[in-house]
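Single-letter residue listing:
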Amino acid sequence: SDDGKLSFDEFKAYFADGVLSGEELHELFHTIDTNNTDNLDTEELCEYFSKHLGEYENVLSVLEDLNITILKAMDKTKKDYQEASNLEQFVTRFLLKETLNQLQSLQSSLECAMETTEEQTRQERKDPTKPEVLSFQWPGKRSARRLQRNNSLSPNSPQFSTGWIEDDSQWMTQINRLQKLIDRLEKKDLKLEPFEEEVLEENARSHIMIVQRQMSVVEEDMEEFRLALKQYVESASAQGGCLHVSIQKLPSDSRFIVYEFWENSNAWNSHLQMNYNKTFQRSNVDFLETPELITTMLVPGKY
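Conventions we followed
- Residues numbered from 1 in each chain as written.
- Predicted model: local features only at pLDDT ≥ 70, side-chain atom pairs only at ≥ 80, totals over all residues.
- Heavy atoms only, no water.
- Patch = residues over 30% accessible without salt bridge, like charges linked within 9 Å, V, L, I, M, F, W, Y side chains within 5 Å.
- Areas by Shrake-Rupley, 256 points an atom, 1.4 Å probe, with all protein chains shown as cover.
- Salt bridge = Lys/Arg side-chain N within 4 Å of Asp/Glu carboxyl O.
- Lys, Arg positive; Asp, Glu negative; His and termini not counted.
- Charge placed at Lys NZ, Arg CZ, Asp CG, Glu CD.
- Helix = DSSP H or I, 4+ residues; strand = E, 2+ residues; numbered from the N terminus.
- Buried < 20%, exposed > 50% of the residue type's maximum accessible area, 1.4 Å probe, protein only.
- Axes fitted to C-alpha atoms, helices over the stretch in contact; angles between N-to-C directions.
- Parallel < 35°, antiparallel > 145°, perpendicular 65-115°, else oblique.
- Contact = heavy atoms within 4.5 Å.
- Pairing = 2+ DSSP bridges.
- Phe/Tyr/Trp six-rings, centres within 6.5 Å; stacked < 30°, edge-to-face > 60°.
- UniProt positions renumbered as here; feature names shortened; annotations may be inferred.

Student: Would you take a moment to explain a negative patch on the surface for this structure?
Tutor: There is a patch of like negative charges on the surface, built from Glu-219, Glu-220, Asp-253 and Glu-289. Relative to the elements of secondary structure, Glu-220 occurs in the loop between β4 (207-216) and α8 (222-237). The exposure class of Glu-220 is exposed, given its relative accessible area of 66%.

If you want it as structure tokens, here you go:
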């Protein structure tokens, strides 16, 4: 409520992760509340998390420096871009795109780590208690981001995580298309796990990575983009960890949607570092009207 402190309801809305139960969240709240006021202030939160930072103290410090560095670069770009030559403007666009690609790659790795640790925690709990499920979300960037990720590629939602709307018939087309892809994958010795409890072997790779990439192409660069996309798909499909790649062109505009199925998150992360992928990203600096939007989802199953 912007009063400088957190009540338990506010604390629960922000920190509930779908793993801790309501009782465990309540216990954590009172552990942090060293002043016993039933409200958490900034000092109490900082004191608690500072004791548990470990290696992440260095990570957060570097991220703070990175944030400041990027903001300085953005400020200089804003001042210099319009007066720069065509070649200098191109270099600036390329550097912006490459920076974004590196950050997205890092974000993808972090999201995979988060999902893996959450899944492992759920499976390791011998006497699982009911996780806290919230019926509301407090406003803020984190809650909005969590809601967005949970809605990604969900057939029950009227929109993609990127926010653009499709009608029912288009949604059914998307669902049917994904079902056909899954059917094709099953013929390649792909095993989708049934709805039952599973005991994972140590170091088991039991999740398939599904990636959706949306790209809005500049109309006059359409043919060059198609050629670059074809070369990218051929190279990606040849990778050992790639199960399938499919392209959809929306008839209403110049937007392409690429669906990629990867054997696991490690295969996807390795793909991001390959030269053919970086070449495709660089070629898109001038081809795309806006930066591409990438949505990833881990699905239980193994190849």
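Read on, since the account is not over.
Student: Teacher, can you tell me more about the packing of helix α5 (residues 86-124) against helix α9 (residues 265-272) here?
Tutor: Relative orientation and spacing of two packed helices are given, respectively, by the angle between their axes and the distance between those axes. It is at 10 Å that the axes of α5 and α9 come closest, and there the two elements cross at 170°. Taken together, α5 and α9 sit at an angle that is classed as roughly antiparallel. Between α5 and α9, the residues in contact are Ser-105, Ser-108, Ser-109 and Cys-112 and Ser-265, Trp-268, Asn-269 and Leu-272, respectively.

Student: Before we go on, may I ask you to explain unusual backbone geometry in this structure?
Tutor: Backbone geometry at Asn-36 places phi at a positive 55°, although glycine is not the residue there. With respect to the helices and strands, the residue Asn-36 is situated in the loop between α2 (22-32) and β2 (40-41). The residue Asp-38 is not glycine, and still its phi comes out positive at about 60°. In this structure, Asp-38 sits in the loop between α2 and β2.

Student: Any chance you could explain the pairing of strand β6 (residues 255-262) here in plain terms?
Tutor: Within a regular strand, side chains alternate between the sheet's two faces. Burial within β6 is extensive, with eight of its eight residues counted as buried. Residue alternation in β6 divides its side chains into two sets, Arg-255, Ile-257, Tyr-259 and Phe-261 and Phe-256, Val-258, Glu-260 and Trp-262, and both sets are buried. Judged from the seven bridges that link them, strand β5 (residues 242-249) and β6 form a sheet pairing that is antiparallel. Paired with Gln-248 across the bridge in β6 is Ile-257. Here β5 hands over to β6 after five residues, the two strands then running antiparallel side by side.

Student: Would you explain a nonpolar patch on the surface in this entry?
Tutor: Together, Tyr-56, Val-59, Leu-60, Leu-63, Leu-66, Leu-103, Leu-106 and Leu-110 give the surface a local cluster of nonpolar side chains, amounting to about 700 Å² of exposed area. For the nonpolar patch, the elements supplying multiple residues, two or more each, are α4 (56-80) and α5. Broken down by element, the residue count for the nonpolar patch peaks at five residues, all from α4. Take Leu-103: its relative accessible area is 33%, and that puts it in the partly exposed class.

Student: I would appreciate a short explanation of the packing of aromatic side chains in the present structure.
Tutor: For any pair of aromatic rings, geometry is given as the distance between the ring centres together with the angle between the planes. Inspection of the entire model under this criterion finds 11 aromatic pairs. Ring plane angle 75° and centroid distance 5.1 Å describe the contact between Tyr-14 and Phe-15, whose orientation is recorded as edge-to-face. You can call Tyr-14 partly exposed: its relative accessible area is 41%. Note on Phe-225 and Phe-280: the rings are 6.2 Å apart at their centroids and 40° apart in plane angle, and the pair reads as tilted.

Student: Just to check I follow, could you spell out the UniProt feature "domain: EF-hand" (unreviewed entry) in the protein for this structure?
Tutor: Feature annotation in UniProt places "domain: EF-hand" (unreviewed entry) on residues 20-55, given in this structure's numbering. When the span residues 20-55 is considered, its composition is 56% helix and 6% strand, and the gap between its end C-alpha atoms is 23 Å.

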